[in-house]
Each structure stands twice: as C-alpha cells, then as structure tokens.
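A look at the structure
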Protein chains: 4
Amino acid sequence: MTSYDFASDNTAPAAPEAMEALARFNTGFTAGYGNDTVTAQAADKVRELLDADADVRFVPSGTAANSVALAALCRPFEAVLCHEHAHILTDEAGAPGFFGHGLGLIGLTGPSAKVDPTALDAALAVEDDSHAQSPAALSLTNATEYGGVYRAEEVARLTNAAKAKGLSVHVDGARLANAAAAGFDPKALKNLGVDIAVVGGTKGGMPLSEAVVLFDKTLSRRFDARLKQAGQLPSKGRFLTAPWIGMLETNAWLERARHANAMAARLAEQMPFEITHPVHINTVFVLMDAAARQRLIQAGWATSRFSDGSTRFMCSWATTPELVEELVASLKSIA
Amino acid sequence: MTSYDFASDNTAPAAPEAMEALARFNTGFTAGYGNDTVTAQAADKVRELLDADADVRFVPSGTAANSVALAALCRPFEAVLCHEHAHILTDEAGAPGFFGHGLGLIGLTGPSAKVDPTALDAALAVEDDSHAQSPAALSLTNATEYGGVYRAEEVARLTNAAKAKGLSVHVDGARLANAAAAGFDPKALKNLGVDIAVVGGTKGGMPLSEAVVLFDKTLSRRFDARLKQAGQLPSKGRFLTAPWIGMLETNAWLERARHANAMAARLAEQMPFEITHPVHINTVFVLMDAAARQRLIQAGWATSRFSDGSTRFMCSWATTPELVEELVASLKSIA
Amino acid sequence: MTSYDFASDNTAPAAPEAMEALARFNTGFTAGYGNDTVTAQAADKVRELLDADADVRFVPSGTAANSVALAALCRPFEAVLCHEHAHILTDEAGAPGFFGHGLGLIGLTGPSAKVDPTALDAALAVEDDSHAQSPAALSLTNATEYGGVYRAEEVARLTNAAKAKGLSVHVDGARLANAAAAGFDPKALKNLGVDIAVVGGTKGGMPLSEAVVLFDKTLSRRFDARLKQAGQLPSKGRFLTAPWIGMLETNAWLERARHANAMAARLAEQMPFEITHPVHINTVFVLMDAAARQRLIQAGWATSRFSDGSTRFMCSWATTPELVEELVASLKSIA
Amino acid sequence: MTSYDFASDNTAPAAPEAMEALARFNTGFTAGYGNDTVTAQAADKVRELLDADADVRFVPSGTAANSVALAALCRPFEAVLCHEHAHILTDEAGAPGFFGHGLGLIGLTGPSAKVDPTALDAALAVEDDSHAQSPAALSLTNATEYGGVYRAEEVARLTNAAKAKGLSVHVDGARLANAAAAGFDPKALKNLGVDIAVVGGTKGGMPLSEAVVLFDKTLSRRFDARLKQAGQLPSKGRFLTAPWIGMLETNAWLERARHANAMAARLAEQMPFEITHPVHINTVFVLMDAAARQRLIQAGWATSRFSDGSTRFMCSWATTPELVEELVASLKSIA
C-alpha cells in the first residue's frame, strides 16, 4: 500500500482548529454567496493577519484563486512574468490561459524558484511588440515551489522594478504560512506594491479554502460577479471561511506551519541523499537516481519528481517525528 | 435583523450526516486531486443511487458543474437549449459563456420552468445558420427553478426529440433530491438519453459539493484535466466527497429532501398569499404586491423576487414546523 | 437563377473609387502590419472625415471590429446594453461572447432598432448583482439594422445617460455613410461621448475593410497586439486601407451612400407591399405574407426575412434605377 | 528612408495575376458570406492544386486560419505539439490560446524549425497528467519559419507517430508554394494524415487570403459558424477568393514562388555573411554581429532578427535581380 504521508502537504487531513470551527459555525441560517457574518469575520481575521485595509474574498480552489487574480491584472494579449518553475506555469493545466482567455506566461530563471532580479530586468527591458504578449503583471510565489523564501527587501527589489514599468503584482501565497514561519512577515506585504495576494489555507491545514486579498481595492468592483461567473463564489460561504477563523484566532495558521517546517528540518538533518535546495520551509528536495527512486516506490512512498530532476519530500502540520524517523529509516535502507 | 430561514435552501447549515462523515474521514494521509479512497467510495455511492455504470466527479461549485458540463457538450459557436427561466440562463453571471468561450443559451417557454415539448420542437426545427449559434445540447433542470418536477416520460419526450436531431443532453439536478422525494426516480436517468447530469449535494445539506455524472463515458477522457484547468479539481478531494458517503449511506440525501418538501407543503397549506406555481418540492412561490413585499422586508424575512414576479419562500432540511408556523403568522399579519 | 441584387448591400461589387486606389497603391514594398504609409494616409482621411483626433485601425471584418471594440470596453462578467435587434445580438453567431470571453448582451426595445431612452434608463437603474452580468457599455448602431437614423441629440441623450452611470459607449457604424447621407454628421461623433466607433467601408463599396476609431486614446495601448491576437492585423495592411483613400478623397464614401439611399426611396415610392419601417437609408422593409414570399422566391429574388417578420430589400451604391424598376414590376406582379 | 524590400514576403505588392482577377470578378451582385460562385470556383482550384476531395474555406488572416484550425482540433485543456520556433508559438501574440480558449503549445526541437522525430517521440511518450495540457494535435509548418522544407516521407514519419497516439494533424502552409517550388508536392498532403492544412495566399502574392483546407470533412460541420463567430467569414467573399483563381489558373501561385526562391538562391550565392540555415526557399538567414546590424540599419534595410540570433533576408515574387544586386553591394560594404 502506498503512503502519501510525504507526497504533499495536501495529503494531510484538516487540522483540529479548522474542523472545530467548521462545526462551531454550522448552526442557524445565514446569507449566501459570501454575504454571511462568518465570512465577514474571517475576512477581518485575514486583514488582521496582514495588518492591511484590503478587500478579502475566499475561494475553494488555489488554481482558480491565482488564475482569477491574473485575469484581473492582465488582458488576453498580455503576459505574466513568473518563475519558470512557478506552479501557475508548470502544474495548472493551463488554468491562467483559461481564466485569462489566452493570456501568456513568460518564465524567468533564478535559484530555488526565486526570480533572479537580473532576469526580471532583462524581461522588463524588452520593448512592446504587437506580435508578442507583452508583460502586464509580475507573479511571485512565497514560499516558492522549491522551498525558497523571499525576504521583504527581495520582494521589494522585484516589485519596484515591475511597478516602474507599469506592471501589476500578484503573489501566490499558497505556502505563505510556511514562509511566515521561516521569517517572512505577512504584515510586510501591504508595503511591497502587491496588488493581489492569494493566501493559502488548504496546504496549511484547512479543508479547502484560499483567501484572495485585494490590496488594490479598485480591483474589487464587481469582483463577486467575476468569482460567480468563474464558479468560485460558493453559496454556503461559511464552509470556506469558518476554518480561517479557527486557524487564525488560535494562531494555528502560523504554528502549524512552523511545525511542518521543523519536521522538514528534522528530515533534512538525517537525509542520506544529496539535498538540492536549501531547506527553509516544509519541503526537502533531494537527488535520487532512477534505481533509488524505484526502490523508494517499492518501499511504498509516494513522492513527486520535479522538473529540475529533484525528488520532493514534503511535511505538513500532521507530520509527526515518528513518521519522519520511519521515512529516514526507509531512505537509509534504500540509499 | 434579517432572517435567512426561508431565503434559499443554501442558507441552511450542513446536515448532521454530512458533518459526521467529514469528521469521520478526516484522518490519515490520502492521495490528492480526487484519487483518494474516500472519493472512490463516494463515486460508488452515487453510481448506486443512480444504478448506473457512469463516471462520477465531484466539484465544489454548482455553477461550475453545470458550466463545465455544457462546455463538454457544446462548442463556442453552438448553443444550449434550456428553459428561459433556467438558472444557467438567469443567475450564473454568464458562467456558461465563460466556461464555454462564448457558447450561447437559447431560452424556451413552458410552465413552472418545465420546457414545453412544442417549444422544443420549434427550436429544433430551425435550420442551421452560420450567422447564429445552432443548438448542440439540451439542458433540463429537475426539479426546476420554479418547483416543477419532470416525470421520466416527460424527460424522455424531450430528450428523444433532442437526440433525434443530434443534440446532447445535460440535466441540472441541483435539486434532484427534492425531485426524487416528489416521485422522480433517479435510477431512471440512465435510460433517458442523458449524457451528463449534475447531482446536487449543497442544497440538500452538504457543505459544498456537486456530483458530475458522466453517463456517456467517452466524455471522461481528460475530464480531470478539464476540471483542473477550470479550478474544479480540489487537492483535498475527501472534503468534497465524505459528505456524500454520509448522506447516501444513511439515505439522508433523500429523507432530508423529503422533509424539506413536506415543510413547503405545510407552508403552502396555510399560505395567505396567492400561490403561483404548484408546490411539488421545497419551494412556495406567491404573488405579493409591492406594499406587501415592503412589509415582509420590514418584518425581517429575506426572500427572492423571481423573474415572473413571484416571491419565493424556500424550505430546507433544517426547516422546522415551528419556523413554518412563525413565518405563517408573520405573513398573515402582512397580508 | 437567384438574383442577389437587393439581398444586401454586401452583395454588390466594390466601387470604382475603391478599386482604383487598390491598383494605385499596389506598387513597391511597404512595411507590414499596418505600419505602412498607405495605412497612415487612410487613417488621416478617417480622422478628417470625423474631424477628430482619434486613433484609427483597420480590420477586414465588421464582426470582429465590433466584437474587439466591445471586448475592449467590457469584461467577461459584464454586459453590453444594445437594441434587441442589434446585429451584434442577432447575427454574429455569438462573436461578442467569443471575443469577450463570455461577455453578455442585454437587449433593449425601441422603434426601428433605435434604443428607446426610457428602456435604457430602466436598464441603467438595475442595481449591480453578482449573479448577473451588469452593464459596462452601451452599443448603438447608426444607421440601425431597421433603417433608423439617430440624430446627434438622440445619441447624446443615450450616451449621457450611459456615461452618468460609468458605462463606455460603442457605435456600430457599418452604415454610418448611409446615416451621414440621411443627415447625421459624422463630425458630431467626437462630441457625443463615444469611446470607440466602427466606421463601415465594406457595405459602402469597399472590398472588405472597417475602420475602428478610438476616440478614447487611452484604449489604444497595445491595441495592435489585441488585433494581432484576434487575427485582425493583416500583414499587407495597404489592401485594407487603400480603398479608404480612394473613397474618401473623392467623397465617394458619402456620395455612393447617398445614391443607395435614393434608390431605396425610389423603391419605397412604388412599393406595392406595406412598408413597416420609415425609409431613411438604403433599406426598405415590407410586410409580405408567406404566399407572397414564396412567389418572390420563385421570381428569383433573394431577400432576408427579419426577426420582426418584415422582408428586407436593400439597395447599394451599385443599384441602378433600372434594377429598381425591374424589382418593382416583379413585386407588382406578385402582390 | 527605410527599404522593406527584403524585410518579409508580405511587404511586396500583390502579383498582377491576383489583381487582374480581383478586377475581373468585381462585377455584378453575388451571394454573401462565401456562398458566391467566385468562392466556389476558387475552392475547386484549391482542390485541384491538392488533388483532394477536401472542404475549403478562405479567410483574410493567416493568424486566424491557423488558430481556428487548432481550436477545431484541440480543446482548451489540451495542447498542440509544434516546433519551438513555429510561428504559432513565437509570433502570433498568443492567438492560438485566444481562439482556443487557453489551449497550450508545446515546443519541440529540430534543425531549421523542422521537428526532430526523436523529439516528437519523446513528447508523445509523456503520459497524460491532469495537471498538464496533454497533446491533442501536431502542427507542422512547411516550408518552415527557418526555410526548412519537409519531404513527404518526413511528414509521414511525424504524422504517423502522432496519429498512432490519437493526435490530429495541422499543417501551416503559409509558404507551401515555396515548399512546392522546392520540391514538396502539394498533392502529397492528402495521403499524409493531415486533418487541416492552411495554404497560404498572402505571402505568395495575393492581397490577403489564406485557404483553410479540411481534409477531414467531419470537421466541416458548422465550420462557417465557427468562422463567423471568429470574425473570419467576410461578407464579400469574392475579394478573398478571386485572387486564388487568378493565381492558380495561370500557375502563378507556383511560378511566383519559384522566382522568389531563385532570388534567395542568387542572394545566398553572393552573401558576404555566414549563412546559418540551408537556403531552400525564399529566405536567407545569416549571422551578423551587433555592429554589422547597426550598419545595415544605417544603410536603410529593414530586416528581422530571429530567436536563434540570425538575421533574415527574404525575397518575394516582386524581388528583382537588380534589387538583389543592390542588397549584395550594400552588404559587402558593410561586412
């Protein structure tokens, strides 16, 4: 039988704080389509987390959260600058182009999926050409798909360059909690020129929910209609939003991510294979040859092989030290 | 304070059977993106409900469920025949056109939002014209937006006509449970020429989940990629699907709908305003003039005014006899 | 054999002034994609015609010209207000929804396809609703699909109301030349709050070319990329634009339309069938019963039956008095 | 003043045979929207050219011709395999994604923009993954963007591999005439598993017209509605199609391309810069350093720099030996 324990952070169950709030708010009749008081409270909590006067919406899908955001920033004949390993470029089955009616994605280089400022500058220096999709937005992921964490000044360096050229900025924060646990202050986002950020709930321990944060409130006009048309405005909003209350009022959003990061650190310390990316968050990337990967599969561990050739092990809020030890033992026998 | 008790069936909390299953299956690590065993069990339960060898997927949004289905049946330069009061035409902010890249919707007449066979025949008799979007699919809602319930032979009459012209058939079953409680056997669907049906979970008492049932399994190829691209393939599938297990293994899916229907019948019996559509399911439509509607609002009851001018009161699994009596008393004081 | 002489104004050949210019400018090498000097001259001529400091582009398709314009003014979850008989709503196979990724069209009433100000006001008074596509643009056709001609003050009445609500304005001027010949001064457009107008070339005697006039020049940014992506930026631009020079420098654009209008007046004077719309431009709409239409078809005249039940006869720059007499004789024998 | 003589083959005027036919068929009234007899004749001529019982449509834009074809073969959550230097991938401002609602393009390697069979096999061997756009079509360009010409057996090698995996096949034949003049028999296409081919008119000397050839006639159903919705069904069809009659009945389509190829050969023979791709058709690619390119621009020659770093000189039907000599002299002075 295959174990999904280290396959991803979305293979974990929901955290107790999220489930408790789901049950707690499952009472009485409320308004539909995000107009309920539970959703209003959750939005307040997210604003508090970010210390920002932003508009906040909640959607069930991270794919859609990011894609709707990009569609709000970029017209079909324009493009988004992002890292060449950004999830929106590599793993979304073309969702940004679907939601954005053909909008383009331009991949930039940089270590551990962090955009290299020089690469960005080069892309920004390209002149508009009516035969190509010129960039209208920059998308950054924090923490990145390869476990990189931007510091606030690194984000500022990139967004300042983008803003100077008239681009908008999107942040994919599917693992913002892990970045926060690694030292990135979410309260910094509001001063970094970000127009829309997606703050992740699902990977951090919620059933399925992502917050779309509109720092630029002029983008909010008719945003609910945008979400409704895109199938992202659930009638029973509280089931998306109660978990946010539970996770934020207890600080579990941050503490559960801190635990996940710690488990990855523990795994990294004992890892018998070569580690390919610095371990800052809940991911450990290693180099395994084909034979080793085959033995890993036979040992029953589901993992993902990434585009740079690395194999990823991922911890979550639900990863225990015992599970880490079990994996380490198995890896040592394979190595 | 406004009461949403009769505003819709999506203002209710989730039913105990759904919540119990959510908690029950919230344990251990599972595969992501609908490949988990909870989802597999839920799909089996839906197949059992329909007594059909169909492919089943689960999505968080009814808007998307129907729109993705229509996009699978209809190209952008084609159209869907549906009732002029069909939800897909009147209340989805253009979602079918968004998911279907501009596909058209052609509204047909008929009482209580049931498509009149003669109107369908007339639409099917229109010759193809390259300046218009010719129909490629028929969409039926059962139960309808005005509380109508198709009998199996009525569906067959319509789908046979459509099939004879080469159209595909979609059924919006957001309230199929209510139709089932009113006498429509869900097991009949498989023999009625339906290509894709959406079977509702949300309105019947689940947090947020709809089942997309592919009777025509040739449509299943790459359907997960279709869902992924459309932001409808959640990573943590079990949170969409556990409630289906809870609701179906206990028969609550049907019994909770039966209760909702009964509450509407109880309301209808005592209704002091003129009822505008036969009461078969959990909806009661009445005629209220502007002054009465104003008094209703002042009395604190949220309701919806529909395109035919009716005001709708809607019961749900959570509606109690006491609540009905309270509403009746209020309405009598207003009338 | 069927005669297409009165079927439409696009069944006519190209006017001599257009063909002469095509030949005249077919010499030497030029820049591609609308950057050639012929195109620049044509744009100057259009600006002169409209006495406006506007940006001007040329596209081969009227369908696309209008649809691209609407997509520039309206997002997918928004709608365009237009007459219920507007060409964009009735005859474009859903092109606005295709180019606009699902944008909606809301039909308004009014005589001879002119929008009734009261109907517009009612539509503008509808409050935003996230379940519906709220209007972002008003589209007017001048002259209309039923031969109506707006006076400048009538346009102003409508556009002022739209602008007051924050809507943008599009004018479909496929037959602006006919409207001009009927008394509407094209130079008035610049003061009427129009953001984008499409000025027709094809129906007026050019091979195939429409001018897209951007009065709001902020819309011009990356407009060529928009056109390129939409397949509307031909490499050999001069073949779209030389005819404009020929037709405008000789004043044929207006004079040929004046002739077409006069031929319709001549036809109307002798028309043995009831005329259903005032004859201001080159169209004559009449009431013919099924039997008469059958005899018309047998007599070999191709015509179109319109959504209000009228049968349309259409004159063009190429219609001669002799052809009119021939048709009249035939109609008299049929009546 | 800048000379566009060698900038592209679309900077040339239209060939006499095309212009003669334009004038010849510009007489009398005809049916609209491609239902005219001129268009029927042109379609016959194209079928004769290809010796194929195919359906043929004509559109004004090559961008749209290819994009509409791909949209007919590929759903939004699928992808097209093409060369990494294919025009549809590099120069169309994302048109395939716009017409195909987000469909993906996967670039393959190979010399002179010809797809390497091994690269294709590798792409075809990738298993379907619901997080990625899996290939549904193969697109080949003949002659290629870098002047490569596929032989029939090379096409067959590629299309057989694609067909074996269930993919459809599209051929971009914008310069099929040049390929034909270089030895590729257009009559071979019908036996090579091609579903849709676009046969170029514009680059070969027509004003603006491309033929869309549907070898798979099941794709023809409602194709006119597809074109209409996409703004590619001009009302005055004969102006797109008369040039085809003129060019094909005189064999100018082929002979003019032969001349263009010959001019490129003449240029190549005397080229003082290093030639980077074999010269088979009307293109000469060379290596020029930045300083030389600067001198070229100062000398007034417009050219394009390509993604592989080459500078392209392009001949056309209108290129004369004298022009070639003039360019050679200039290049020699620069080198």
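It should be noted that the structure appears before, not after, this text.
These remarks concern the structure in this document.

**Quick look at the overall build of chain A**
For chain A, the count of helices and strands is 13 helices and eleven strands. Since a compact globule built from 335 residues should have a radius of gyration of about 20 Å, the 20 Å found for chain A is in line with a globular shape. When its C-alpha atoms are laid out on the principal axes, chain A stretches across 55 × 55 × 30 Å. Here chain A, with 335 residues, has 68% of them falling under the buried criterion. Looking at chain A alone, contacts between residues at least 24 apart form 76% of all its contacts between residues at least 6 apart. Of the roughly 10,900 Å² of accessible surface on chain A, 51% is carried by carbon and sulfur atoms. For chain A, the distance from the average site of its 29 positive side-chain charges to the average site of its 37 negative ones is 4 Å.

**Brief notes about the interface of chain D and chain A**
Residue-level contacts link 14 residues of chain D with 14 residues of chain A. When the two sides are added together, the surface that chain D and chain A hide from each other amounts to roughly 1,000 Å², 55% of it contributed by carbon and sulfur. When the buried area of chain D at its contact with chain A is split by residue, Ala93, His101 and His131 of chain D rank highest and sum to 45% of it. The interface formed by chain D and chain A holds zero salt bridges in total. The interface formed by chain D and chain A includes four residue pairs in polar contact (both at pLDDT 80 or more). Residue classes in the side of chain D that touches chain A are distributed as four nonpolar, eight polar and two charged.

**Structural notes on the pairing of strand E9 (residues 283-287) of chain D**
All names here are of chain D. Summarising burial for E9: four of the five residues are buried, a large majority. Pairing analysis gives two bridges linking strand E8 (residues 274-275) to E9, with the strands arranged antiparallel. Paired with Glu274 across the two strands is Leu287, which belongs to E9. Relative to strand E11 (residues 311-314), E9 runs antiparallel, the two being bridged by four bridges. In the strand pairing of E11, Phe285 is matched with Arg312.

**Quick word on the sheet that holds strand E10 (residues 304-305) of chain D**
Backbone hydrogen bonds are what pair the strands of a sheet, in a parallel or an antiparallel way. All names here are of chain D. Within the open sheet, the four strands sit side by side as E8-E9-E11-E10. Their pairing is antiparallel. Of all the strands in the sheet, the pair left with one neighbour each is E8 and E10. Relative to E11, E10 runs antiparallel, the two sharing two bridges. In the sheet register, Arg305 faces E11, and the bridge partner there is Thr311. Against the sheet, helix H11 (residues 252-270) contacts E8, E9 and E11, and its axis sits at roughly 25° relative to E9.

**Here we look at the environment of Lys163 of chain A**
Residue and element names in this part refer to chain A. Tracing the sequence through the fold places Lys163 in helix H7 (residues 152-164). In this structure Lys163 comes out as partly exposed when scored by relative accessible area, which is 33%. Separated by 81 residues in the primary sequence, Lys163 and Trp244 have C-alpha atoms spaced 31 Å apart. In contact with Lys163, other than residues within four places in its own chain, are Ser168, Val169, Gly193 and Asp195. From its side chain, Lys163 meets the backbone oxygen of Gly193 in a polar contact 3.3 Å long.

**Notes on unusual backbone geometry**
In this structure, the amide linkage connecting Asn142 of chain C to the following residue, Ala143 of chain C, adopts the cis form with an omega of -10°. As for its position among the elements, Ala143 of chain C is in the loop between strand E4 (134-141) and helix H7 (152-164). At Ala113 of chain D, a residue that is not glycine, the phi angle is positive and equals roughly 65°. Overall, the relative accessible area of 4% leaves Ala113 of chain D in the buried class. Unusually for a residue other than glycine, Arg222 of chain D sits at a positive phi of about 60°. With respect to the helices, strands and loops of the structure, Arg222 of chain D is situated in the loop between strand E7 (210-214) and helix H9 (223-229). For Arg222 of chain D, a relative accessible area of 12% translates into the label buried.

**What about the relation of the copies chain D and chain C?**
The two copies are related by a screw motion: chain D maps onto chain C through a turn of 180° and a shift of 0.0 Å along the axis, at an RMSD of 0.0 Å. Taken together, the rotation and translation describe the operation of a two-fold axis. Within chain D, the C-alpha atom positioned nearest to the axis of rotation is that of Pro60 of chain D, 3.5 Å from it. The share of interface residues of chain D whose copies in chain C are also at the interface is 100%, consistent with both copies meeting through the same surface.

**Notes on the relation of the copies chain D and chain A**
Screw-axis analysis of chain D against chain A gives a translation of 0.1 Å along the axis, an RMSD of 0.0 Å, and a rotation angle of 180°. Residue by residue, 100% of the interface of chain D is reproduced at the interface of chain A, so both copies engage with the same surface.

**Topic: helix H3 (residues 62-73) of chain C**
It helps to recall that an α-helix has 3.6 residues per turn; residues three or four apart then point in one direction. Residue and element names in this part refer to chain C. Over its twelve residues, H3 runs 17 Å from end to end, which matches the ideal 16 Å to within 8%, given 1.5 Å per residue. When you tally the buried positions in H3, you get eleven out of twelve residues, the bulk of the element. Within the span of H3, buried status applies to Thr63, Ala64, Ala65, Asn66, Ser67, Val68, Ala69, Leu70, Ala71, Ala72 and Leu73. Two or three places before Thr63, at the start of H3, stands the capping residue Ser61, its side-chain oxygen 3.2 Å from that residue's backbone nitrogen.

**Comments concerning the environment of Glu78 of chain B**
As for its placement among the helices and strands, Glu78 of chain B is situated in strand E2 (residues 78-83). Given a relative accessible area of 3%, Glu78 of chain B falls into the buried group. For Glu78 of chain B and Leu105 of chain B, which are 27 residues apart along the polypeptide, the C-alpha to C-alpha distance reads 8.8 Å. With residues up to four places along the chain from it excluded, the contact list for Glu78 of chain B reads Leu103, Gly104, Gln133, Ser134 and Ala136 of chain B together with Arg221 and Arg222 of chain D. In terms of polar contacts, Glu78 of chain B uses its side chain to reach the side chain of Arg222 of chain D, at 3.0 Å.

**Examining the packing of aromatic side chains**
Tallied over the entire structure, the rule returns 30 aromatic pairs over all chains. Seen in terms of ring centroids, Phe98 of chain A and Phe99 of chain B are 5.9 Å apart; in terms of plane orientation they differ by 55°. Their pairing is tilted. Highlighted residues: Phe98 of chain A in helix H5 (residues 95-99) and Phe99 of chain B in helix H5 (residues 95-99), drawn from two different chains. Pairing Phe285 of chain C with Phe306 of chain C gives two aromatic rings, centres 5.2 Å apart and planes at 80°, and the pair type is edge-to-face. Note that Phe285 of chain C is positioned in strand E9 (residues 283-287) and Phe306 of chain C in the loop between strand E10 (304-305) and strand E11 (311-314), a separation of 21 residues in sequence. When sorted by exposure, Phe285 of chain C lands in the same class as Phe306 of chain C, which is buried. Through pairs of rings, three or more aromatic residues link up here, namely Phe98 and Phe99 of chain A together with Phe98 and Phe99 of chain B.

Rules used in this analysis
Residues numbered from 1 in each chain as written. Chains lettered and ligands numbered in written order. Predicted model: local features only at pLDDT ≥ 70, side-chain atom pairs only at ≥ 80, totals over all residues. Heavy atoms only, no water. Helix = DSSP H or I, 4+ residues; strand = E, 2+ residues; numbered from the N terminus. Rg over C-alpha atoms; globule rule 2.2 N^0.38 Å. Buried < 20%, exposed > 50% of the residue type's maximum accessible area, 1.4 Å probe, protein only. Contact = heavy atoms within 4.5 Å. Areas by Shrake-Rupley, 256 points an atom, 1.4 Å probe, with all protein chains shown as cover. Lys, Arg positive; Asp, Glu negative; His and termini not counted. Charge placed at Lys NZ, Arg CZ, Asp CG, Glu CD. Buried area = accessible area lost by both parts, 1.4 Å probe. Salt bridge = Lys/Arg side-chain N within 4 Å of Asp/Glu carboxyl O. Polar contact = N/O pair within 3.5 Å; in protein donor to acceptor, adjacent residues only side chain to side chain. Nonpolar A, V, L, I, M, F, W, Y, C, P; charged D, E, K, R; others polar. Pairing = 2+ DSSP bridges. Axes fitted to C-alpha atoms, helices over the stretch in contact; angles between N-to-C directions. Least-squares fit on C-alpha atoms with pLDDT ≥ 70 in both. Expected span 1.5 Å × (residues − 1). Phe/Tyr/Trp six-rings, centres within 6.5 Å; stacked < 30°, edge-to-face > 60°.

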